[in-house]
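Listed below, chain by chain, are the residues.
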Amino acid sequence: MKTIEMGTKGANQRAKLLAAFAVIAMVVCALCAIMPTADAEDVTPIEVGDLDEFNAALDDKAASILLTSDLKITESIVIGYDVTIDLGGNTITDTREGNANDANGRVFTIEGDANVTIRNGSLENSTGIKAGNSVVCIDASEVYGGSLTITGVAIDSYAYGVAVFGNTAGKNETNATVVVTVNISDSTINSLPGSSAISTNGKYGGESISISDSVLTSAQGAAIYAPSNGSWTVENTTIEGVSGIDQRAGDMSVTGGSITYNGPATDKTDGDGPAAFGVGASVLIDSAYSNAGASLVIDSSVKMIPGANAKATLGDVVVSPFDYDTSGVTADSLLTTEKDVAAPVVVSYSGIEMAYDAGDNATASAVKVSDNGTFVTAGKQSDVAFTQD
């Protein structure tokens, strides 16, 4: 048998080739490691021009959907998976009227474990829809862990604009676990009747809501309604309504932007929903919603603007830290009723901090800022801490 021996030159060539292949493999692996994974921004959107195409795209679980024309709908669009919806500058309108269907007026219902982005367009509903509904609702009461992002969207509603539902586990927790996250930016949300531009639900807790560079208005109510044990961050946003903010529980910070409260004050004659006492912000504790307490910080960078019909005796901010009869509270009675504090409350506004501990005996407090400085129009009883910088 003849043996073929490889010379030194052939061995060297093979070694060089193997080394070259090894370098190429290392480079490919490195490129794969640093390349970003595809997200909704990188995915070519599925274009839809009518409701059938829209629903088909959702059925196929398209990661990105682009609307190419206006849509009119007569039933809510339910979303239960991660998706980006680009409205393409178009409008979706819920045209239903009447109270026959609990979801009447709701354009999007988002299940609480889905991560959904809606951007670049308009959403609206019609007159005569069921009271208490919203144009967009994310509901984490049963399944949770999801998020809703709204950017560059105009919402006009004849009820609530955006509704955010956490779950009952976080209702009374201190530092409640976040079960649903909402981020709103560069958007305008208008509630045309006595509802709010954005609201949580007092049965729940664990919502984390961030709003920036937006406009929130209510024609006949409070622009922001926060009855649940959630967490709010509001930045550089225009807030306007009969009242600006109605808070019952949870934590909220407001920086930049403005709060315009137009009045006139409306007495609270029913048990649920926002109060409109004609103030910039009201913190009205009701332990039927939550006994975790409330914290509100309105930074000095926020411009407070009272309208001609604002409630002069209540001022910019009113704090009522005790349980009250939600079916019969009047704006004036807030400052004359004396009760035990139901839950811990800390409110900071324009250098004044109003701090109440559960069990303290107190009346409500009202703070007004004038051209000459800050003054208190009412408040402070017993050992309640009431300090000014």
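Quick caveat: nothing in here was measured; it's all calculated off a predicted structure.

Q: Would you mind showing me how to read the overall build of the protein here?
A: When its secondary structure is counted, the protein shows two helices and 33 strands. The buried share of the protein, reckoned over its 389 residues, is 48%. Put simply, 63% of the contacts in the protein that link residues at least 6 apart link residues at least 24 apart. Entry remark: accessible area of the protein is about 17,200 Å², with carbon and sulfur atoms responsible for 49%.

Q: How do you make sense of the layout of surface pockets when you look at a structure like this?
A: Take a probe with the size of a water molecule and roll it over the atoms, and the empty space left behind shows itself. Taken as a whole, the largest pocket spans an internal volume of roughly 430 Å³. Tyr160, Thr200, Asn201, Gly202 and Asp272 are the residues nearest the centre of the largest pocket, which is lined by 22 residues in total. Grouping the constituent residues of the lining of the largest pocket by class yields eight nonpolar, nine polar and five charged. Taken together, 20 residues line the second largest pocket, and the ones lying closest to its centre are Thr174, Asn175, Asn229, Gly250 and Asp251. Secondary structure elements with two or more residues in the lining of the second largest pocket: strand S15 (205–212), strand S18 (229–235), strand S21 (250–255), strand S24 (294–298) and strand S28 (345–349). Across the lining of the second largest pocket, the residue classes break down as seven nonpolar, 10 polar and three charged.

Q: Looking at this structure, how should I read the environment of Val297?
A: If you trace the backbone, Val297 turns up in strand S24. Those residues in contact with Val297 that lie beyond four places of it in its chain are Met252, Ser253, Val254 and Ser348.

Q: Got a minute to help me understand the pairing of S18 in this structure?
A: Sheet faces and side chains relate simply in a regular strand, where the side chains alternate between the two faces. Summarising the sheet, S15 and S18 pair through six bridges and their orientation is parallel. Bridge pairing links Gly205 to Asn229 in S18. As paired elements, S18 and S21 share five bridges and run parallel to each other. Each bridged residue has a counterpart across the sheet, and for Trp232 the counterpart in S21 is Met252.

Q: So what exactly am I meant to see when it comes to the packing of aromatic side chains here?
A: Two measures describe an aromatic ring pair: the distance that separates the ring centres and the angle between the ring planes. Using the criterion set out here, one finds two aromatic pairs in the structure. Geometrically, the ring pair formed by Phe54 and Phe108 is tilted, given 6.4 Å between the ring centres and 40° between the ring planes. Taken together, the positions of Phe54 in helix H2 (residues 51–59) and Phe108 in strand S7 (residues 108–111) put the pair 54 residues apart, joining distant regions of the chain. Using a relative accessible area of 0% as the deciding quantity, one classes Phe54 as buried. Phe108 sits in the buried class, given a relative accessible area of 0%. On the numbers, 5.9 Å between centres and 40° between planes, the contact of Phe165 with Tyr204 is tilted. Placement of the pair is Phe165 in strand S11 (residues 160–165) and Tyr204 in the loop between strand S14 (198–199) and S15, with a sequence separation of 39 residues. Tyr204 matches Phe165 in its accessibility class, with the two residues each being buried.

Q: What am I meant to see in the nonpolar core here?
A: Buried together is how nonpolar side chains tend to be arranged in soluble globular proteins. Residues Phe54, Ile92, Phe108, Leu123 and Leu148 are the most contacted members of the largest nonpolar core, which totals 75 residues. Broken down by element, the residue count for this core peaks at four residues, all from strand S10 (residues 146–157). Excluding anything up to four places from it in sequence, Ile92 contacts Phe54, Leu67, Leu71, Ile73, Leu87, Val107, Phe108, Ser122, Leu123 and Glu124. Listed in part, the 12 residues of the second largest apolar core include Ala275, Leu284, Val329 and Leu334.

Q: Just to check I follow, could you spell out unusual backbone geometry for this structure?
A: In this structure, the amide linkage connecting Gly263 to the following residue, Pro264, adopts the cis form with an omega of -5°. Positionally, Pro264 belongs in the loop between strand S22 (258–261) and strand S23 (281–284). The phi dihedral of Lys61 falls on the positive side, at around 55°, and the residue is not glycine. Following the sequence through the fold, Lys61 ends up in the loop between H2 and strand S2 (64–67).

Q: Just to check I follow, could you spell out the side chain of Ser214 for this structure?
A: Secondary-structure assignment places Ser214 in the loop between S15 and strand S16 (215–218). Accessibility expressed as a relative area gives 3% for Ser214, which makes it buried. When sequence neighbours within four positions are dropped, the list of residues in contact with Ser214 reads Ile184, Ser185, Asp186, Ser187, Asn236, Thr237 and Thr238.

Q: What is the right way to look at the confidence of the model for the protein in this model?
A: Detailed reading of the predicted coordinates is not advisable wherever pLDDT falls low. Chain-level statistics for the protein give a pLDDT mean of 82 and a share of 79% at 70 or above. Scored below 50 in pLDDT, residues 27–38 makes one contact in the model with residues more than four places away or belonging to other chains. Per-residue pLDDT stays below 50 along residues 380–386; that stretch engages in 23 contacts with residues further than four places along the chain or on separate chains.

Q: Quick question: what am I supposed to make of the pairing of strand S29 (residues 352–356) here?
A: A large share of S29 lies buried, amounting to four of its five residues. Pairing between S28 and S29: five bridges, direction antiparallel. Looking at S29, one finds that Val347 is bridged to Met354. Between S28 and S29, which pair antiparallel one after the other, the connecting turn spans two residues, and Ser350 there sits at a positive phi close to 50°.

Procedures and definitions
Residues numbered from 1 in each chain as written. Predicted model: local features only at pLDDT ≥ 70, side-chain atom pairs only at ≥ 80, totals over all residues. Heavy atoms only, no water. Helix = DSSP H or I, 4+ residues; strand = E, 2+ residues; numbered from the N terminus. Buried < 20%, exposed > 50% of the residue type's maximum accessible area, 1.4 Å probe, protein only. Contact = heavy atoms within 4.5 Å. Areas by Shrake-Rupley, 256 points an atom, 1.4 Å probe, with all protein chains shown as cover. 1 Å grid on protein atoms, 1.4 Å probe; cavity = no way out; pocket = protein on both sides within 12 Å on 5 of 7 lines; lining within 4 Å. Points joined across faces, edges and corners; volume = space filled by probe spheres on them. Nonpolar A, V, L, I, M, F, W, Y, C, P; charged D, E, K, R; others polar. Pairing = 2+ DSSP bridges. Phe/Tyr/Trp six-rings, centres within 6.5 Å; stacked < 30°, edge-to-face > 60°. Core = buried A, V, L, I, M, F, W, Y, C linked by side-chain atoms within 4.5 Å. pLDDT = per-residue confidence, 0-100.

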